[in-house]
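Residues per chain are reported as follows:
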Amino acid sequence: MLYRRIFIEKASTTWMVLSISIILVLPLLIGIGLYVKANPLFEYMSLGDLICSSTWLPNEKEFGFLPFILGSLHVTFIAFCLSAPVCLLSAIFLTQFSSKRFMYFMHPVIDILAGLPSVIYGVWGIIVIVPFISDYLAPLFGVKSSGYTILAGGIVLAVMCIPYILNMLIEVFNTVPAGLKEASLSLGATFWETVKHVVIKKGIPGIISAFGLGIAKAFGETMAVMMVVGNMVQTKFHLFDAGYPLPALIANNYGEMLSIPMYDSALMFSALLLFVIILLINLVFRYFIYRTKKYE
Amino acid sequence: MFSDISFTERRNMNKRKIIEEKLFRVLSAVATYSLIATLAFIIILIFIKGFHALSWDMVFKAPKGGYYYGGEGGVLNAIVGSLYISIGATLIATLIGVPAALFINVHLARYKRTQNTIRYIIDALWGVPSIVYGAFGFSLMLFLGMNASLLAGIITVALLITPIVVRTFDEVLCTIPKGLYEASMALGSTRSEISFKIIFKQGFPGFITALLLAFGRGIGDAASVLFTAGYTDLIPIHLDEPAATLPLAIFFQLSSPIPEVRERAYAAAVILTIIILIISLAARFLSKKYTKTNLK
Amino acid sequence: MYLLKEEMIAHDKTINIMKTDIDTESVLQIKNLNVHAGDHHILKNINLRIPKNKVIVLLGPSGCGKTTLLKCMNRLTDINKELEVSGHIYIENDDILNTSTNVPLIRQKMGLLGQRPYPLPMSIYKNVAYGIRLKGVRDKKMINYSVEKHLKEVGLWDEVKDRLHHSPGILSIGQQQRLCLARGLAVKPRIILADEPTSALDPISSKIIENLFRDLKLNYTIILVTHVLRQAVRLADNVVFMSNGEIIEQGSPQKLFKHPKSAKLKEYMVNGN
């Protein structure tokens with residue numbers, strides 16, 4: 001009996017240690033795996049050249065990733081500008097102004113927004129946003145546009161990021177102690193002044209982290225953006241022109257990957273680039289969150 | 001009271017404060033309600049587009065004559081493929097994730113620092129975009145000499161959703177009072193007995209929530225299976241055959257020039273949306289129920 | 001600068017004189033106050049007169065509605081939407097609970113001191129200046145003067161004058177509580193509402209706060225919520241004993257504690273603290 005118990009104890013502990021090790025080694029494994037695959041490219045071009053060159057001619061072994069990095073930055077930038085104010089305002093509304101019952105109603109709404117797959121957003125973008133831009137918005141500014149634009153990508157991405165950022169902001173604002181709000185109110189501040197001077201100020205580290213993680217999420221989002229952004233290699237930043245973000249590059253060309261020499265290395269390099277950038281952003285901002293939590 | 005501020009000045013100030021307060025109350029309410037409107041818009045649109053495309057044939061037949069050009073048949077191949085992949089992946093993720101979460105909460109209960117570091121790493125891993133997992137899964141696949149197949153898809157999606165299982169389950173386990181560990185320790189249970197018999201039982205609703213969330217993420221994700229699972233008209237029977245998935249069925253068939261094929265994409269979108277709706281609501285319902293029983 | 005200070009001191013004095021002119025007996029009058037939270041009746045028909053420049057202690061077992069009563073007085077009950085408040089609370093003939101009253105102005109007539117110090121997320125200086133700025137005062141000299149005056153009033157000036165622009169996090173809990181008191185005094189309230197202000201403090205810091213209250217009652221009315229009997233005896237001019245949302249007994253501490261009439265108070269004196 002005792003022998004059996006000890007055996008079970010040992011076996012299950014081994015299993016547990018094994019699985020946690022797999023998880024903890026995974027980021028390292030991903031990094032190494034992608035690096036090994038991308039390595040032929042480094043022998044051929046330096047890292048600086050890869051990132052700073054804007055010539056993209058895979059058939060002639062010219063791999064300049066600048067258009068794609070810029071494309072990602074442009075789309076992310078638009079998404080951030082659109083989603084950040086909405087998230088901040090509705091997080092304030094939900095935690096400060098609205099009733100608890102409304103919050104209960106809102107939880108599933110945020111859950112579903114967060115749970116809807118990327119492709120569904122893509123379908124929505126193609127059916128709604130793209131025609132809207134080509135038929136109404138672009139003519140309004142006197143521009144001809146197909147609708148498959150950086151702006152469309154930004155809008156779809158913004159909607160996708162909102163539930164993600166909003167959830168974190170709600171958590172941030174909920175941790176602001178009620179006593180602090182009461183203190184400010186009792187000094188004669190109006191409710192909004194309290195939110196402005198105390199709640200937001202107290203939540204600043206959390207707000208910055210939420211925005212940072214939202215940017216990381218937007219940066220790596222693939223399918224929805226790819227479906228509406230137009231996928232044309234160029235470096236200009238124009239709302240009504242097509243762009244080509246980094247994740248879309250990987251997803252779009254997996255078919256030809258093995259038929260052109262070095263192309264697979266180039267795509268793996270872009271995955272590595274994406275991985276490193278997003279992991280770093282995540283590590284930095286999450287560290288920020290953990291530190292502020294420790295001091296609470 | 002303060003002589004340096006006149007009565008009219010003070011009245012103007014109060015007026016300004018009231019206006020500012022009203023303005024922001026309205027703005028934040030508008031932001032929040034616009035989220036609800038956006039969600040309703042997306043879901044209603046998907047339903048309208050896909051509802052008349054939905055039929056028994058659509059659900060219970062595989063496409064005929066090529067998924068891109070043949071107008072006949074339905075999306076059964078994608079439904080089955082998606083279910084195979086996400087169920088398989090959830091199973092693997094559970095086998096790795098649950099013991100890992102239990103290990104963090106039982107064996108490492110006394111090492112707060114280690115606990116937090118592990119959580120920090122897993123959280124960061126959660127933030128890595130699925131396209132990176134896809135690229136990594138692809139290089140792993142080549143390394144192991146596999147082709148795009150059901151198995152490769154399952155492994156890749158499992159890697160993607162393991163962090164979700166661990167952290168969601170872990171969040172619930174965190175709330176279990178420490179006294180429970182000590183009490184069962186005092187009764188002479190081994191740590192694995194505590195983990196699986198007591199803590200697992202206590203956190204069971206959290207376990208279900210984690211499963212649902214992971215399953216939902218797995219079934220909706222396209223970028224990770226794009227490289228690894230391939231796409232086919234056939235219903236996969238063996239693990240080494242390629243498999244179609246719902247998100248990819250939407251993605252590929254939406255761009256087809258043939259209207260019947262596009263109908264299939266919309267039908268797939270409705271099916272996927274319904275699955276996600278059910279999963280999101282169920283997860284929220286369960287977690288609410290859990291906190292209720294926990295309080296009483 | 002010097003002249004200005006003189007002027008302000010004179011100004012402060014005139015305010016004090018004016019205050020004593022306005023009403024002679026009670027600053028605050030509560031009539032038929034009822035508070036419900038859903039089915040729960042938290043405060044049951046409270047009638048109370050708060051005399052001027054006295055320390056009034058609200059005493060009672062926890063959960064008896066002391067804190068709610070205190071929060072009604074400056075309408076902090078507004079935050080909690082589940083609470084339904086009915087009745088009247090008059091301060092200088094204004095009904096606090098009237099929906100049309102300017103709540104921020106009413107709240108500035110009262111300074112709140114919570115169970116734990118909650119310094120606002122800004123520097124020590126700005127914490128004190130916060131309320132003054134909210135009043136619309138922008139004059140730097142005026143604010144500087146007020147900050148110094150009120151920090152001196154709570155005996156904190158010498159301890160923090162070199163680090164006015166640091167975060168209040170560097171202060172001890174007792175110092176933080178005094179900072180919160182100074183912050184409340186800076187808006188020139190008539191009344192100080194103190195909700196178990198010493199419950200989180202060590203005995204020495206508690207002593208300092210208690211001594212401060214003794215000095216402050218010359219200029220302010222203090223309403224103190226506590227469940228520490230001894231503190232009530234030490235500080236109170238007037239004790240209001242509450243239980244289950246009702247006022248059971250009130251009177252001077254000597255009278256009340258020597259000859260408690262109700263069984264509840266007797267029981268509380270034996271068992272509570």
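You'll find the structure just up there.
Overview of the structure. Note that this is a predicted model, so its numbers are computed, not measured. (Residues numbered from 1 in each chain as written. Chains lettered and ligands numbered in written order. Predicted model: local features only at pLDDT ≥ 70, side-chain atom pairs only at ≥ 80, totals over all residues. Heavy atoms only, no water.)

Focus: the overall build of chain A
For clarity, the threshold we go by: Numbering of helices and strands runs from the N terminus; a helix is a DSSP stretch of H or I covering at least four residues, while a strand is a stretch of E covering at least two. Here, two residues are considered to be in contact whenever any of their heavy atoms come within 4.5 Å of each other. All accessible-area figures derive from a Shrake-Rupley calculation using a 1.4 Å probe, and residue coverage is judged against the displayed protein chains alone. In this tally Asp and Glu are treated as negative and Lys and Arg as positive; neither His nor the chain ends contributes. Think of each charge as sitting on NZ of Lys, CZ of Arg, CG of Asp or CD of Glu.
For chain A, the helix and strand inventory stands at eleven helices and two strands. The linear arrangement of helices and strands in chain A, starting from the amino end, is α-α-β-β-α-α-α-α-α-α-α-α-α. A principal-axis box enclosing the C-alpha atoms of chain A has dimensions of 80 × 70 × 35 Å. Taking as baseline every contact in chain A between residues at least 6 positions apart, the subset at least 24 positions apart corresponds to 72%. Accessible area of chain A: about 12300 Å², with a carbon and sulfur share of 67%. Positive and negative side-chain charges of chain A, numbering 18 and 15 respectively, have mean locations separated by a distance of 14 Å.

A closer look at a nonpolar patch on the surface
All names here are of chain A. Which entries qualify depends on this criterion: Patch criteria: residues need more than 30% relative accessible area and no salt bridge. Like-charged residues are merged within 9 Å; nonpolar side chains of Val, Leu, Ile, Met, Phe, Trp and Tyr are merged within 5 Å. One side-chain nitrogen of Lys or Arg within 4 Å of one carboxyl oxygen of Asp or Glu is enough to make a salt bridge. Exposure categories follow from relative accessible area, calculated using a 1.4 Å probe and restricted to protein chains: below 20% of the type maximum is buried, above 50% is exposed, and the middle band is partly exposed.
Taken together, the side chains of V25, L28, L29, I32, Y35 and V36 make up a nonpolar region of the molecular surface, amounting to roughly 570 Å² of accessible area. The topology assignment puts L29 in helix α1 (residues 2–44). Judged by its relative accessible area of 42%, L29 is partly exposed.

A look at the packing of aromatic side chains
Residue and element names in this part refer to chain A. In plain terms, the rule: Any two rings among Phe, Tyr and Trp, with Trp reduced to its six-membered ring, count as a pair given centres within 6.5 Å; such a pair is stacked if its planes are under 30 degrees apart, edge-to-face if over 60, and tilted if neither.
Under the defined criterion, the tally for this structure stands at 33 aromatic pairs over all chains. Ring centres 4.7 Å apart and planes at 75° place the aromatic pair W56 and F68 in the edge-to-face group. Of the two residues, W56 is situated in strand β1 (residues 56–57) and F68 in helix α3 (residues 66–97); the sequence distance between them amounts to twelve residues. Note on accessibility: W56 and F68 belong to one class, buried. Arranged with centres 6.1 Å apart and planes meeting at 45°, the rings of F102 and F105 form a pair that is tilted. Highlighted residues: F102 and F105, both in helix α4 (residues 100–115), separated by three residues, approximately one helical turn. Residue class for F105 comes out partly exposed when judged on its relative accessible area of 45%.

Some remarks on the sheet that holds strand β2 (residues 40–51) of chain C
All names here are of chain C. Rules: Two strands make a pair as long as DSSP finds a minimum of two bridges between them. Comment: axis = line fitted to C-alpha atoms, over the contacting stretch for helices; angle = value between 0 and 180 degrees taken between N-to-C directions.
Pairing is antiparallel across the open sheet formed by four strands, whose spatial order is β2-β1-β4-β5. Each edge of the open sheet carries a strand with a single partner, namely β2 and β5 (94–95). Two elements, strand β1 (residues 26–37) and strand β4 (residues 83–91), share eight bridges in a ladder whose sense is antiparallel. Among the inter-strand pairings, N34 is bridged to a residue of β4, identified as S86. Across the face of the sheet, helix α2 (residues 66–73) comes into contact with β1, β2 and β4 while running at roughly 120° to β1.

What to know about unusual backbone geometry
Residue and element names in this part refer to chain C. A positive phi is found at K188, a non-glycine position, where the angle reads about 55°. Structurally, the position occupied by K188 is in the loop between α7 (173–185) and β7 (191–195). Of note, N244 is a non-glycine position whose phi angle comes to about 55°, a positive value.

Some thoughts on the interface of chain A and chain B
Spelled out, the test is: For any pair of parts, buried area is found by adding up, for both, the accessible area (1.4 Å probe) each one loses once the two are put together. As used in this structure description, the phrase polar contact means that two N or O atoms lie within 3.5 Å; if the pair is within protein, one of them must be able to donate a hydrogen and the other to accept it, and residues adjacent in sequence are counted only when both atoms belong to side chains. For this scheme, ten residues count as nonpolar: Ala, Val, Leu, Ile, Met, Phe, Trp, Tyr, Cys and Pro. Four count as charged, namely Asp, Glu, Lys and Arg, and the remainder, Gly too, count as polar.
Listed per partner, the contact involves 78 residues of chain A and 82 residues of chain B. Around 7200 Å² of area is buried between chain A and chain B when both sides are counted, 81% of it from carbon and sulfur atoms. For the pair chain A and chain B, the number of links is three salt bridges. As a salt-bridge pair, B:E20 and A:K196 come within 2.7 Å of each other at their nearest N and O atoms. On the surface where chain A and chain B come into contact, there are twelve residue pairs in polar contact (both at pLDDT 80 or more). Examining the composition of the side of chain A that touches chain B, we find that 19 residues originate from one element, α1(A), more than from any other. Tallied by class, residues from the side of chain A that touches chain B come to 59 nonpolar, twelve polar and seven charged.

What about the layout of surface pockets?
Applicable threshold: Cavity and pocket criteria rest on a 1 Å grid covering protein atoms alone: a 1.4 Å probe that fits but cannot get out defines a cavity, protein on both sides within 12 Å along at least 5 of 7 lines defines an open pocket, and an atom within 4 Å of a point defines a lining residue. Grid points are joined across faces, edges and corners, and a volume is the space filled by probe spheres set on the points.
By volume, the second largest pocket is sized at about 660 Å³. Lining of the second largest pocket is provided by 29 residues; of these, A:T190, A:F191, B:E21, C:V103 and C:P104 occupy positions nearest its centre. When contributions to the lining of the second largest pocket are tallied by element, the ones reaching two or more residues are α3 of chain A, α1 (7–51) of chain B together with α3 (103–107) of chain C. The element contributing the most residues to the lining of the second largest pocket is α1(B), with eight residues. Of the residues that constitute the lining of the second largest pocket, the class distribution is eleven nonpolar, eight polar and ten charged.

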